[in-house]
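Structural features, examined
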Amino acid sequence: MAYYKRIRELREDHDKTQNDIAKYLDMKQPQYYRYENGLRDVPSDVLIALAKYYNTTTDYILGLTNNPNKK
């Protein structure tokens, strides 16, 4: 699974909008939209912030594991 699909699923599972997450990341919604739709690569600092926000690991977001729980 591509990581952009996983960040979309995480957002939807937490009942958040793209605008909610963009505000948390201090960016505009169109920029976040590009990440979530695979139009731009997610920078490592954003990836780390998303993992912290969703209380998961970067490995889960990147698809290296299917376990969303932190160890």
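Please refer to the structure placed before this passage.
Residues numbered from 1 in each chain as written. Predicted model: local features only at pLDDT ≥ 70, side-chain atom pairs only at ≥ 80, totals over all residues. Heavy atoms only, no water.

With respect to helix α4 (residues 44–53)
Defined as follows: A simple rule labels every residue: compare its accessible area, found with a 1.4 Å probe on the protein chains alone, to the largest value its type can have, and call it buried under 20%, exposed over 50%, or partly exposed in between. Put simply, DSSP marks the helices as runs of H or I at least four residues long and the strands as runs of E at least two long, and each gets a number from the N terminus on. Contact criterion: two residues are considered in contact whenever any of their non-hydrogen atoms come within 4.5 Å of each other.
Where α4 is concerned, the buried positions are Val46, Leu47, Ala49, Leu50 and Ala51. Summarising the contacts, the buried residues of α4 are in contact with α1 (3–13), α2 (18–24), α3 (29–36) and α5 (58–62). Positive phi shows up at Asn55, right after α4, with a value of about 55°.

Concerning the nonpolar core
Threshold: Buried Ala, Val, Leu, Ile, Met, Phe, Trp, Tyr and Cys residues that are joined via side-chain atoms within 4.5 Å together make up what is termed a nonpolar core.
Ranked by internal contacts, the top residues of the largest apolar core, which has 18 residues, are Leu25, Tyr32, Leu50 and Ile61. Breaking this core down by element, the ones donating at least two residues are α1, α2, α3, α4 and α5. Here this core gets 5 residues from one element, more than from any other, and that element is α4. Not counting chain neighbours up to four residues away, the residues in contact with Ile61 comprise Tyr3, Arg6, Ile7, Leu10, Leu47, Leu50, Ala51 and Thr56.

So, the side chain of Glu36
Mapped onto the secondary structure, Glu36 falls in helix α3. Residue contacts for Glu36: discarding those within four places in its chain leaves Tyr4, Ile7, Arg8, Arg11 and Gln18.

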